[in-house]
Amino acid sequence: MARLEPHRHMQLNESQSLATLASNDGTEGKARACQQLAIVGGAAAVPALAGLLGDEKLASHARSGLENISDPLAGAALIKALPSLDGHLLAGAVTSLGVRRETAAVAELQSLIDDPKRGAAEPALAALGQIASDQALVIILKILNTGPAGLRVPAAQAALTATERVDPESKAKLFKAVSSADVPAHVKSAASL
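Residues numbered from 1 in each chain as written. Predicted model: local features only at pLDDT ≥ 70, side-chain atom pairs only at ≥ 80, totals over all residues. Heavy atoms only, no water.

In terms of helices and strands, the protein chain carries 12 helices and zero strands. In sequence order, the secondary structure elements of the protein chain are arranged as α-α-α-α-α-α-α-α-α-α-α-α. Counting the 193 residues in the protein chain, one finds 44% classified as buried. A separation threshold of at least 6 residues defines the contact pool for the protein chain, and within that pool the share at least 24 residues apart is 59%. A total of about 10500 Å² of accessible surface is found on the protein chain, and carbon and sulfur atoms cover 53% of it. In the protein chain, 18 side chains carry a positive charge and 19 a negative one; their mean positions are 2 Å apart. (Helix = DSSP H or I, 4+ residues; strand = E, 2+ residues; numbered from the N terminus. Buried < 20%, exposed > 50% of the residue type's maximum accessible area, 1.4 Å probe, protein only. Contact = heavy atoms within 4.5 Å. Areas by Shrake-Rupley, 256 points an atom, 1.4 Å probe, with all protein chains shown as cover. Lys, Arg positive; Asp, Glu negative; His and termini not counted. Charge placed at Lys NZ, Arg CZ, Asp CG, Glu CD.)

In structure tokens, the structure reads:
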């Protein structure tokens, strides 16, 4: 009787996962393939995952794969998909850009903040807080100081998130901006902790 190598059946393989995504396999199998691509996927996996960003059942799994692929093509695919997405699918892609700390997305995120009809201003601000680049901080501070009243608290939260990713001087500037902003007292108090 032939003996199986331990865990050989669980070996992850990019090409097998891509074949599953291209097949008629059901949602569960494709979701598992996306999860595997989050571990073993590279640039070759990006187009297949990007093609699922508009799929109600598989988008979150596809985004997880793209979040974990270090190749810049993964971030570019998320950015490219933004104009074609709406609602929670758009919010999810925006959140993934924040998770990736995708500095190339800052201009697109600002566009979402500036266009209330898209409904993704708050996730875009949160993503900018995670990205915390100089350009992202300028946008956050502008919204915090002079932006629409409904976006000031999300901007304050983005600024507080950014404090975890910046140098001490920028951190102090962000804390000061939040504590002097027109936001509720409990939000200001978070800047003094």
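On we go from here.
Moving on to the pattern of salt bridges. Taken as a whole, this structure holds four salt bridges when the rule is applied. Put simply, Glu 28 and Arg 32 hold a salt bridge, and the shortest N to O gap is 3.7 Å. With Glu 28 and Arg 32 both in helix H2 (residues 27-40) and four residues apart, the pair spans about one turn of that helix. (Salt bridge = Lys/Arg side-chain N within 4 Å of Asp/Glu carboxyl O.)

Phi is positive for Arg 101, close to 55°, though the residue is something other than glycine. Tracing the chain through its elements places Arg 101 in the loop between helix H6 (87-100) and helix H7 (106-114). Backbone geometry places Ala 132, a non-glycine residue, at a positive phi of 55°. Mapped onto the secondary structure, Ala 132 falls in the loop between helix H8 (121-131) and helix H9 (134-146).

Every α-helix winds through 3.6 residues per turn, so residues three or four apart in the chain are directed the same way. If you check H9, its first and last C-alpha atoms are 18 Å apart, about what 13 residues at 1.5 Å a residue would give, namely 18 Å. Taken together, the buried residues of H9 touch H7, H8, helix H10 (149-162) and helix H11 (168-179). (Expected span 1.5 Å × (residues − 1).)

Looking at the element boundaries, Ser 96 is found in helix H6. Look at Ser 96 and you get buried, because its relative accessible area is 1%. Setting aside its immediate chain neighbours within four residues, Ser 96 contacts Arg 63, Glu 67 and Leu 78.

Okay, the environment of Leu 73 next. Turning to its location among the elements, Leu 73 is positioned in helix H5 (residues 72-81). Once the C-alpha coordinates of Leu 73 and Pro 47 are considered, the two residues, 26 residues apart in sequence, prove to be 8.9 Å apart. With residues up to four places along the chain from it excluded, the contact list for Leu 73 reads Ala 43 and Val 46.

Between H10 and H11, the least distance of the axes is 9 Å, while the angle of their chain directions is 160°. When the axes of H10 and H11 are compared, the pair comes out roughly antiparallel. Relative to H11, the crossing made by H10 is left-handed. Residues Ala 156, Ala 159, Leu 160 and Ala 162 of H10 touch H11, and the partners they reach there are Leu 174, Phe 175 and Val 178. (Axes fitted to C-alpha atoms, helices over the stretch in contact; angles between N-to-C directions. Parallel < 35°, antiparallel > 145°, perpendicular 65-115°, else oblique. Left-handed = near helix turned anticlockwise from the far one by under 90°.)

With that settled, the discussion passes to H8. For H8, a buried count of eight out of 11 residues is recorded, marking the element as mostly surrounded by other parts of the structure. Check the buried side of H8 and you find it contacts H6, H7, H9 and H10. Following H8 by one or two positions, Ala 132 adopts a phi angle in the positive range, close to 55°.

Where H6 meets H8, the axes come as close as 7 Å, and the angle between the chain directions of the two elements is 10°. Taken together, the axes of H6 and H8 are roughly parallel relative to one another. Taken together, the residues of H8 that come into contact with H6 (itself represented by Ala 91, Val 94, Thr 95, Leu 97, Gly 98 and Val 99) are Pro 123, Ala 124, Ala 127, Gln 130 and Ile 131. Among the residues making up the contact of H6 with H8, the classes are represented as eight nonpolar, three polar and no charged. (Nonpolar A, V, L, I, M, F, W, Y, C, P; charged D, E, K, R; others polar.)

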